[in-house]
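Close look at the chain arrangement
Listed here are the chains, written in short residue letters.
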Amino acid sequence: MMDSVKYRLTVGYDGAGYQGWQMQVVGTGVQEILEKALAKLFSCGPRVHSSSRTDTGVHAVGMVVHFEVPKTEARMTPTKLVLAVNAHLPEDVRVLAASHPPQNFHARFDASGKEYRYLLWNHAAHHPLLRKQSWHVKKPLDLAAMRAAAKHFVGTHDFRSFRANPDYDTAHTVRTLTAVTIRGTGPLHTVVIRGTAFLYKMCRGIVGTLVQVGEGRIQPADIREILEGRDRRLAGMTAPAHGLVLWKVFYGKKAKGTQSADPNETGE
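Computed from a predicted structure; not experimentally measured. (Residues numbered from 1 in each chain as written. Predicted model: local features only at pLDDT ≥ 70, side-chain atom pairs only at ≥ 80, totals over all residues. Heavy atoms only, no water.)

1. Overview of the pairing of strand β10 (residues 244–251)
With two bridges connecting them, strand β3 (residues 59–70) and β10 associate as parallel partners. Of the residues in β10, the one forming a bridge with Ala60 is Leu246. Inspection of the sheet shows strand β5 (residues 111–122) paired to β10 by seven bridges, in the antiparallel sense. What sits directly across from Arg117, in β10, is Val245. (Pairing = 2+ DSSP bridges. Helix = DSSP H or I, 4+ residues; strand = E, 2+ residues; numbered from the N terminus.)

2. Description of the packing of helix α3 (residues 143–150) against helix α4 (residues 202–214)
The interhelical angle for the contact between α3 and α4, taken along N-to-C directions, is 140 degrees, at an axis separation of 8 Å. For the element pair α3 / α4, the angle class is oblique. Of the two possible hands of crossing, α3 and α4 adopt the one that is right-handed. Contacts between α3 and α4 pair Ala145, Met146, Ala149 and Ala150 from the former with Leu210, Val211, Val213 and Gly214 from the latter. Residue classes in the contact of α3 with α4 are distributed as seven nonpolar, one polar and no charged. (Axes fitted to C-alpha atoms, helices over the stretch in contact; angles between N-to-C directions. Parallel < 35°, antiparallel > 145°, perpendicular 65-115°, else oblique. Left-handed = near helix turned anticlockwise from the far one by under 90°. Contact = heavy atoms within 4.5 Å. Nonpolar A, V, L, I, M, F, W, Y, C, P; charged D, E, K, R; others polar.)

3. Observations concerning the environment of Arg117
Tracing the backbone shows Arg117 in strand β5. Separated by 127 residues in sequence, Arg117 and Leu244 place their C-alpha atoms 5.9 Å apart. Not counting residues up to four positions away in its chain, the partners in contact with Arg117 are Arg183, Thr190, Val191, Val192, Gly243, Leu244, Val245 and Trp247. A polar contact is formed between the side chain of Arg117 and the side chain of Glu115, at a distance of 2.6 Å. (Polar contact = N/O pair within 3.5 Å; in protein donor to acceptor, adjacent residues only side chain to side chain.)

4. As for the pairing of strand β8 (residues 174–183)
Across four bridges, the pairing between strand β7 (residues 155–158) and β8 is antiparallel. Looking at β8, one finds that Thr156 is bridged to Thr176. Strand direction decides the pairing type here: β8 and strand β9 (residues 188–195), joined by six bridges, are antiparallel. Looking at β9, one finds that Ala179 is bridged to Arg194. Between β8 and β9, which pair antiparallel one after the other, the connecting turn spans four residues, and Gly184 there sits at a positive phi close to 110 degrees.

Shown next, in the form of structure tokens:
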């Protein structure tokens, strides 16, 4: 957009009531809700460009987006924009921060990595306040085994065994994970997955497999064979969407040799 001003937003949302981030033909995506709110502030009706896409039911606290408006409409400071746009958003969608990035900034193409977090509640009874934010796993989990298995995911691997839609022809299924850790004590545990890019439902496939390791159905050493097998049927189940949160998007220099994510895929 010529002679324009760019805004960068950090957006959080409870994904329970939405069919994911992206604009939908059927159902409502968070993108649609945000663009309608911005259209009430800017007559040009700016289009929002996101750093990622989240699937139905997946949450976010660190979704980074950008949009542009003509200079003649850019009268609002980023601080005032946060207050103004939130006044037009439902309570389960919130703009958490706003700024003016460099004019060449792009939320998706400039992203160097992402962090997802997945909440597990491991107890006979589910926590009543975490029903829509965590996966209730009743059977006791062997956390030592899960942590041993998690180490095998770190590094650059072909994650074909952990993506959804195995019949979809993805040209590149090699991804780099920089950290897979399990935090917490007691019944609440958080699986933290950090990487440069992700395949569709890859994070949920990893978490589902780790839970089955914790239940004794898969051995930690089997993870290497599952990765090398490049077959989704070898890995564990796909964890439910409602436990997953897009926690943070990183910006900075990309590591050499890393493969950018397919624009049609997400990390859920």
